[in-house]
Amino acid sequence: MLAERNREKRIGRCLLRSELAFREMELRKRVKRSQPEHHLGLSQDAPAEGRCSSNMMSGTARSNAIQEGRRGGVALLGLSRTCSGSGILHRRPWQQWVSMAAGLLLAGLLALTQAWCVNAIHENLLWFSQLTEVEREISFRTECGLYYSYYKQMLQAPSIQEGLSELIHDNLTESKRTINLLQRMNVYQEVVLSVLYRLLPIQSYLEPVYFYIYTVFSLQAVYVIALYLTAWLLSGSWLAGTLTGVWYILNRVDTTRVEFTISLRENWSLPFLALQVSAITCFLRPQLTALQQKVMVWLMYVTTFCFCLTWQFNQFILLVQALVIYTLDCADFLTTTQVTTLYLVEVSSLLSVWLFQFCNSMILGSLVLSFIVAALFVRHCQSGLKTGSLLVRLAKVLLHSAMVLVLTLTINYLAKKALQLRSDEHIFKFIKSKFALGPTRDFDASLYLCEEAFGLLPLDTLERLAGTLLLYPYILTLLLLSGMLAVAALQNLRSKGGSPEERKGAGEGRVGTFRADVAYNLLHTLFYGLLAFSTMRMKYIWTGHMCAVAAYGVCGTELWTLILNVLRCNTKVLLRLVRYAVPLVMIGCLYYKFWPKLMEELSELREFYDPDTVELMTWISTKTPKQAVFAGSMQLLAGIKLCTGRALTNHPHYEDKDLRERTRQVYQVYARQSPEEVYDILRAVGADYVVLENSICYERRHRRGCRLRDLLDLANGHIMDGPGENEPDLVPAAHPRFCETIKTDTAAYTALFTRTFQNKTFHVYRVKKKRKKSAKSSAEPSVTQ
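Cut-offs used in this document
- The written sequence of each chain sets the order in which its residues are numbered from 1.
- Totals for whole chains, interfaces and linings use every residue, but because this is a predicted model, local features are given only for residues with pLDDT of at least 70 and side-chain atom pairs only at 80 or more, for both listing and counting.
- Only hydrogens and water are set aside when side-chain values are computed; all heavy atoms of the structure are taken into account.
- Starting at the N terminus, helices and strands are each numbered in turn, a helix being any DSSP run of H or I of at least four residues and a strand any DSSP run of E of at least two.
- Per-residue accessibility, obtained with a 1.4 Å probe over protein chains only, is compared with the maximum for each type, and a residue is labelled buried under 20%, exposed over 50%, and partly exposed between these values.
- The contact criterion used is simple: two residues touch if any of their non-hydrogen atoms lie within 4.5 Å.
- Each accessible area value is a Shrake-Rupley result obtained with a 1.4 Å probe; residue values ignore everything except the protein chains displayed when judging cover.
- Each pair of aromatic rings taken from Phe, Tyr and Trp, with Trp reduced to its six-membered ring, is defined by centres within 6.5 Å and is described as stacked if the planes are under 30 degrees apart, edge-to-face if over 60, and tilted in the remaining cases.
- Charges are assigned to positions over rings by a cutoff of 6 Å between ring centre and Lys NZ or Arg CZ, combined with an angular limit of 35 degrees from the ring normal.
- Identification of polar contacts relies on pairs of N or O atoms within 3.5 Å, with a donor-acceptor requirement for protein atoms, meaning one able to donate a hydrogen and the other able to accept it, and with residues adjacent in sequence counted only if both atoms are side-chain atoms.
- Patch membership needs two things, relative accessible area over 30% and no salt bridge, and members are linked within 9 Å if like-charged or within 5 Å if nonpolar (Val, Leu, Ile, Met, Phe, Trp, Tyr).
- By salt bridge we mean one thing: a side-chain nitrogen of Lys or Arg within 4 Å of a carboxyl oxygen of Asp or Glu.
- By disulfide we mean two sulfur atoms from cysteines, separated by a distance within 2.5 Å.
- How far a helix is expected to stretch is found by multiplying one less than its residue total by 1.5 Å.

Visitor: Please give an account of the overall build of the protein that cites residues and values.
Guide: Of regular secondary structure, the protein possesses 35 helices and 5 strands. The buried share among the 785 residues of the protein stands at 56%. Counting only contacts in the protein whose residues sit at least 6 apart along the sequence, the fraction spanning at least 24 positions is 73%. Roughly 34,000 Å² of accessible area belongs to the protein as shown, and the carbon and sulfur atoms make up 63% of that amount.

Quick look at the structure:
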């Protein structure tokens, strides 16, 4: 009897070992997942507790084999009973659904709070509901007014078809030219909104302007939800998402400027970029089934497409993202399939936008397309890239990167030559001038360099972020994860012939194995952080994601496991306690400190007041012909287009070489030029009226050398106004400044221009059709050649 029992035990152990070996072989081949998480990792409040000492390990040990291994003392994929975590947390299905419902409910509440806050602040800043129509339109400053004008134009068109035809054959935005606005600009969002407003039964109770601004504010809610989901996916706890949403709302000054730049393209596109990051984070998780991966790929494509379609700077943002993917590929954090999929998502999205924008050559000539083609081609040719010792692999990576760089520049150069593309020259001129790699007198580059938004990130930004307790956990998380990433990268490079597929298939659950989703988000925040520090306007891409990374550090296991290990008190109960208690305490402190300030800010009432601009727009609408063409500053002309519908000579959408040259010519009204030269320029661009602004002619907002009149003097080779040094090759101008001298009404000016309107801010002159003979024989020596 005893022998029979022993024989049965031996048979049972053999069967168990056979079963475990079979299941381990299945994991090696990665044919299927043993126990997939169909809820994409969001069903539990704290699934991260089931991971070993570090949440970073990429093991897929959520299988029955692991459970059997724990009972039999066998550990697969690096998950052993000696883990410093709390073990796998089992929950009943109804508990998982309740936890998920609670997390999603909090996400919705935080999203609605953000949308409500920006709407309330916008209303309180302007008293928008009590403004007249012209005042509301004037509140859309600079390029925002230009974009909103196309929404208004589509609504005023007799039909949707005629409105689209007007946009495709537009002759109002640039005088003497017919351009395709859907090709030149990113205005599909205005088209879609105007069509929806026409079709939906809302005209009787919702004004068009409110439908527009409510849509933009709703995208802010989408932005918060996307960041919430990213933090939840990374940490496994919806407390991280909650902390992310709270931080985003409290740091509103540094995370968004939507309340006073509603139509700005980045306010449309960044929510889609955040959704794309969430989709990438989910796509890189190891627990997905084949169907879930396909769904994530489609989500990545759709969000990337929407992002690219709504912002003209999409190619530069995607280039940074492609560099993140390339870095992860070189360090063996992504599989070949993942890398190829992510690259192809970007390429297919850009090509789709290229089709939607009527074959816009700027997209085909973009650096990101050239880089992806080069990276994929070189990767295919270098089949032995991921073999050899550490030094050999490092040398191969350097050689690989050099080949990709050379091929990228070659492809991009050839593409631009073939397409005769010069639309994005000003961006590269700006970059060269910013980093002292090229001339600094270029007018287009100087326009950007002299704007605060394109300068370095001010230090007071970091002070504000530290004041909301965001900066400190972010830096700690960044340092910790960067160190772990470096160690994991070295281990990956040391492994001979160890591609990510082979390591995962073999179940090498080393502590150094880094989760791909965490690695992507870490490099994402690092790369875009560098971009934000170099150019302040780009901080809005960084600060939102910064909230998610900091929340992951607070609510994940990595930071607390390290601290508790150092203190030698890392226990299951204590780890769970700090992971829940600390974020709750932080949320409580933030509520206590900042909720009264937020309510005070929301209760602060101001009022729109710009009577001079209102007077100008009213005069133009009532006293000038509808076919009149206006010249002036880009910012003012955008408002004239929106408020009056008059044709323009130039505008703020600067992504066209001919337009940039025309703008520089029109701006000669603020330079030292003769009246005859200015007259010839204005007649050449078809201007009937020119609007001069005292705020530009006598500008004091910028320092010397950055005032618009200084930029024009430098571009023309003239000495600048006022005390200060001038470069030795600059010479005195032969004529006085046009915008100042024309107000003296001397014969040389009155022969060519007639003053038709003036107030404290603006002077409008009508450009006469024919130059009088007396203009050349004027007795005024200071204004003749």
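Visitor: Help me get a handle on the packing of aromatic side chains, residues and values and all.
Guide: Each aromatic ring pair is characterised by the separation of its centres together with the angle its planes make. Within the structure shown, the criterion is met by 32 aromatic pairs. Ring plane angle 65° and centroid distance 6.4 Å describe the contact between tyrosine 448 and tyrosine 654, whose orientation is recorded as edge-to-face. Within this pair, whereas tyrosine 448 is found in helix H20 (residues 443-449), its partner tyrosine 654 is found in the loop between strand S2 (647-648) and helix H30 (657-666), the two being separated by 206 residues in sequence. The pair tyrosine 448 / tyrosine 654 is uniform in exposure class, with both members buried. Following the ring pairs from residue to residue traces out a cluster consisting of Phe140, Tyr148, Tyr151, Tyr212 and Trp268. Its guanidinium or amino end placed over the ring of tyrosine 147, arginine 265 lies 3.9 Å from that ring's centre, counting from NZ or CZ. Looking at arginine 579, its charged tip hangs above the ring of tyrosine 580, at a distance of 5.9 Å from the centre.

Visitor: Can you lay out the side chain of serine 633 for me, pointing to particular residues and giving the numbers?
Guide: As for its placement among the helices and strands, serine 633 is situated in the loop between strand S1 (629-631) and helix H29 (634-644). Judged by relative accessible area, serine 633 falls into the buried class, the value being 1%. Here leucine 636 takes part through its backbone nitrogen, which lies 3.3 Å from a polar atom of the side chain of serine 633.

Visitor: Let's hear about a nonpolar patch on the surface: which residues, and what values?
Guide: A cluster of nonpolar side chains, contributed by Leu562, Ile563, Val566 and Leu567, occupies part of the molecular surface with about 370 Å² of accessible area. By the element assignment, leucine 562 lies in helix H26 (residues 558-567). On the accessibility criterion, leucine 562 (42% relative accessible area) is partly exposed.

Visitor: Explain the state of the cysteines to me, using residue names and the numbers behind them.
Guide: Applying the stated criterion to the full structure yields 2 disulfides. Sulfur-sulfur distance for the disulfide between cysteine 450 and cysteine 706 comes to 2.1 Å. In this structure the cystine formed by cysteine 450 and cysteine 706 twists about its S-S bond by roughly -75°; its chirality is therefore left-handed. In this pair, cysteine 450 is assigned in the loop between H20 and helix H21 (459-467) and cysteine 706 in the loop between helix H32 (694-697) and helix H33 (708-716), connecting sequence segments 256 residues apart. Cysteine 706 carries the same exposure label as cysteine 450, and that label is buried. Two residues, cysteine 697 and cysteine 739, share a disulfide whose sulfurs are 2.0 Å apart. With the S-S dihedral at roughly 80°, the linkage between cysteine 697 and cysteine 739 falls on the right-handed side. In this pair, cysteine 697 sits in helix H32 while cysteine 739 sits in helix H34 (residues 738-741), placing the two residues 42 residues apart along the sequence. Here cysteine 697 and cysteine 739 have matching classes, each one buried. Cysteine cysteine 308 shares no disulfide, and the gap to the nearest cysteine sulfur, in cysteine 306, comes to 9.4 Å. Its relative accessible area of 0% is what places cysteine 308 among the buried residues.

Visitor: Please set out helix H24 (residues 516-534) residue by residue, giving values where relevant.
Guide: The terminal C-alpha atoms of H24 lie 27 Å apart, and with 19 residues this matches the ideal 27 Å at 1.5 Å per residue to within 8%. Counted residue by residue, H24 has 14 buried out of 19 residues, so it is predominantly covered.

Visitor: Describe unusual backbone geometry, with residues and values.
Guide: Positive phi outside glycine occurs at lysine 176, with the angle close to 65°. With respect to the helices and strands, lysine 176 occurs in the loop between helix H6 (160-168) and helix H7 (181-184). Phi is positive for cysteine 359, close to 60°, though the residue is something other than glycine. Counting through the fold element by element, cysteine 359 comes out in the loop between helix H15 (336-356) and helix H16 (361-364).

Visitor: Requested: an account of the pattern of salt bridges, with residues and values cited.
Guide: Counted by the stated rule, this structure contains 29 salt bridges. The partner of arginine 672 in a salt bridge is aspartate 713, and the shortest N-O contact between them spans 3.2 Å. Residue arginine 672 is found in the loop between H30 and helix H31 (675-684), and its partner aspartate 713 is found in helix H33; the two are separated by 41 residues along the sequence. For the pair arginine 672 and aspartate 713, a shared accessibility class is recorded, and that class is buried. Two residues, arginine 737 and aspartate 721, come together in a salt bridge whose shortest N-O distance is 2.9 Å. Separated by 16 residues along the polypeptide, arginine 737 in the loop between H33 and H34 and aspartate 721 in the loop between H33 and H34 bring together distant segments of the chain.

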